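Breakdown of the fold
Listed here are the chains, written in short residue letters.
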Amino acid sequence: MAEEKEKKEKKDKGNKPGFLKRVSRSLRDMRGEIKKVVWPTKKQVLNNTGIVLVVVAVAGVAVGAFDFLLKFAVDLLLRSV
């Protein structure tokens, strides 16, 4: 039984494509997938970039304000002690 299993494993290994064939197939598959991608227009990219910059600026101001308020509260607490 063990001999039959070894023969079957050797036979299965013989059907496996070589490294270069696998890489070639992978690259062809990637090229096909990239062709399916719907790329954004320049206008969409600029619009999305603007939105991200505005959100980051608003978040920065909010974090700064929260930090200022916490610092003010800690200063008040430490002065009273």
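Residues numbered from 1 in each chain as written. Predicted model: local features only at pLDDT ≥ 70, side-chain atom pairs only at ≥ 80, totals over all residues. Heavy atoms only, no water.

1. As for the overall build of the protein
Put simply, the rule is: Only DSSP runs of H or I covering at least 4 residues are called helices, and only runs of E covering at least 2 are called strands; the numbering of each starts at the N terminus. Think of it in three bands: with a 1.4 Å probe and only protein chains considered, a residue is buried below 20% of the maximum accessible area for its type, exposed above 50%, and partly exposed in between. Residue exposure ignores everything except the shown protein chains as possible cover, and the areas themselves are Shrake-Rupley values with a 1.4 Å probe.
When you go through the protein residue by residue, the secondary structure sums to three helices and zero strands. When the helices and strands of the protein are listed from N to C terminus, the series reads α-α-α. In the protein, which comprises 81 residues, the proportion classed as buried is 0%. With the model as given, the accessible surface of the protein reaches about 8300 Å², and the carbon-plus-sulfur share is 67%.

2. Points about the pattern of salt bridges
Under the convention used in this document: One speaks of a salt bridge when a side-chain nitrogen belonging to Lys or Arg is within 4 Å of a carboxyl oxygen belonging to Asp or Glu.
Enumeration over the complete set of coordinates arrives at three salt bridges. The residue Lys 36 makes a salt bridge to Glu 33 at a minimum N-O spacing of 3.3 Å. Separated by three residues within a single helix, Lys 36 and Glu 33 lie in helix H2 (residues 19-36), roughly one turn from each other. Accessibility expressed as a relative area gives 60% for Lys 36, which makes it exposed.

3. A word on H2
We apply this condition: By this rule the span expected of a helix is its residue count minus one, scaled by 1.5 Å.
The first and last C-alpha atoms of H2 sit 26 Å apart over 18 residues, in line with the 26 Å expected at 1.5 Å per residue. Little of H2 is tucked away: zero of the 18 residues are buried.

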